[in-house]
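Per-entry structural report
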Amino acid sequence: MSAINKKLLAVFVIICLLLVGGLCYMGFNLRQQRKANADMQQLAELDKQEMENEYQQFSDQYSEMKTHVTNDSLISQLTAEQEKTERLLAELKRTKSSDAREIARLKRELATVRAVLRSYVIQIDSLNQANGRLTAENTRVKGQYEEATRQIEGLNTEKASLSEQVAIASQLDANGIQMHLLNKNNKAKDKISKARTIQVNFNIAKNVTAKTGMKTVYVRIMSPAGNIIGGGVSFPYENKTLAGTMKKTIEYNGGETAVSLYVPVSQTLSAGTYQVSVFAEGNMIGSKNFMFR
């Protein structure tokens, strides 16, 4: 075999090896992307199912509240809000979990429904308290002790039912979620390659029915490859334990509360869509996606 043919054969072998290596690399990346897509889809399905459960709970609560109200105008208002809740639930059930824009809209609607429900819970609770005071006064004036006792027992039952409703209405909400990539000078940059620290900001919304005091919030950041950024943090959710990115304990007084968390970048980040989810007291209270190049 001539020297030229030997050189051509060597070139041919190198090209074949490069092609095989390239195909193997593409196959590996494809498998990784499929796994990431599957994980993100699973989290989206969990989020959608939780929203459906909340819409159904709120509809059931309107039905329950109407059984404790005698005012026709108030019953009509509760019926209208229940019908709106059921309509939104039907829209959510028809929506695919992959439709991020529609899911985000229905999540905003859910927050509005929750806020309206809270206002009715407070209003009806105030009416029940007022009725209790009037009943006690009527008892003292007319001496109708036995009838007053039955009414007070009924109010206690209603209050116990409303207490359960308040527990759901008191769930925290996180809004205004932001994710920033900070360089070594703590300046926000869009390029993922410059990131040295990840900053996440959000607000815990005002909630007059929520219990005040110390609250621990957890942030979970999922990379485009489906991996959890950071680590060493875990928390309960949906009868299981999830891994998180970072956590922070805050003092919540019922008013809107700003929260900021930071995590150093200790792994190689890739361009793409990052999902930031916020959890507190066993609930996902907010979620948002961010694209970085």
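Presented here is an overview of the structure given in this document. Computed from a predicted model, the values in this text were never measured in an experiment. (Residues numbered from 1 in each chain as written. Predicted model: local features only at pLDDT ≥ 70, side-chain atom pairs only at ≥ 80, totals over all residues. Heavy atoms only, no water.)

Once that is clear, we can look at the pattern of salt bridges. All told, the structure shown has nine salt bridges when counted by the stated rule. Across the salt bridge formed by Glu 52 and Lys 48, the nearest N and O atoms sit 2.6 Å from each other. A residue pair is termed a helical-turn pair when its members lie 3 or 4 positions apart in one helix, as Glu 52 and Lys 48 do in helix H1 (residues 3-66) at four residues. Residue Lys 48 is classed as buried on the basis of its relative accessible area, which comes to 10%. Residues Glu 91 and Arg 87 are paired through a salt bridge, measuring 3.0 Å at the closest nitrogen-oxygen approach. In this pair, Glu 91 and Arg 87 both sit in helix H2 (residues 72-94), four residues apart, roughly one turn of the helix. Classification of Glu 91 as buried rests on a relative accessible area of 18%. (Salt bridge = Lys/Arg side-chain N within 4 Å of Asp/Glu carboxyl O. Helix = DSSP H or I, 4+ residues; strand = E, 2+ residues; numbered from the N terminus. Buried < 20%, exposed > 50% of the residue type's maximum accessible area, 1.4 Å probe, protein only.)

Strand order across the open sheet formed by four strands is S2-S1-S3-S8, with antiparallel pairing between neighbours. Since the sheet does not close on itself, it has two edges, and those belong to strand S2 (188-189) and strand S8 (257-264), each with one partner. Judged from the seven bridges that link them, strand S1 (residues 174-182) and strand S3 (residues 197-204) form a sheet pairing that is antiparallel. Pairing of Leu 182 across the sheet is with Thr 197, part of S3. (Pairing = 2+ DSSP bridges.)

Attention now moves to unusual backbone geometry. A positive phi angle, close to 60 degrees, is found at Asn 186, a residue other than glycine. Checked against the element boundaries, Asn 186 lands in the loop between S1 and S2. In this model, Asn 239 sits at a positive phi of 60 degrees, which is unusual for a non-glycine residue. By the secondary structure assignment, Asn 239 is in the loop between strand S5 (233-237) and strand S6 (240-244).

Along an α-helix, a turn takes 3.6 residues, which lines up residues three or four apart on a common side. With 23 residues, H2 ought to run about 33 Å at 1.5 Å a step, and its terminal C-alpha atoms sit 33 Å apart, in line with that. For H2, the set of buried residues is Leu 74, Leu 78, Glu 81, Gln 82, Thr 85, Leu 88, Leu 89, Glu 91 and Leu 92. Where H2 starts, the residue carrying a side-chain oxygen 2.9 Å from the main-chain nitrogen of Ser 73 turns out to be Asn 71. (Expected span 1.5 Å × (residues − 1). Polar contact = N/O pair within 3.5 Å; in protein donor to acceptor, adjacent residues only side chain to side chain.)

Turning next to a positive patch on the surface. Taken together, the side chains of Lys 184, Lys 187, Lys 189, Lys 191, Lys 194, Arg 196 and Arg 293 define a basic patch exposed on the protein surface. Turning to its location among the elements, Lys 187 is positioned in the loop between S1 and S2. (Patch = residues over 30% accessible without salt bridge, like charges linked within 9 Å, V, L, I, M, F, W, Y side chains within 5 Å. Areas by Shrake-Rupley, 256 points an atom, 1.4 Å probe, with all protein chains shown as cover. Lys, Arg positive; Asp, Glu negative; His and termini not counted. Charge placed at Lys NZ, Arg CZ, Asp CG, Glu CD.)

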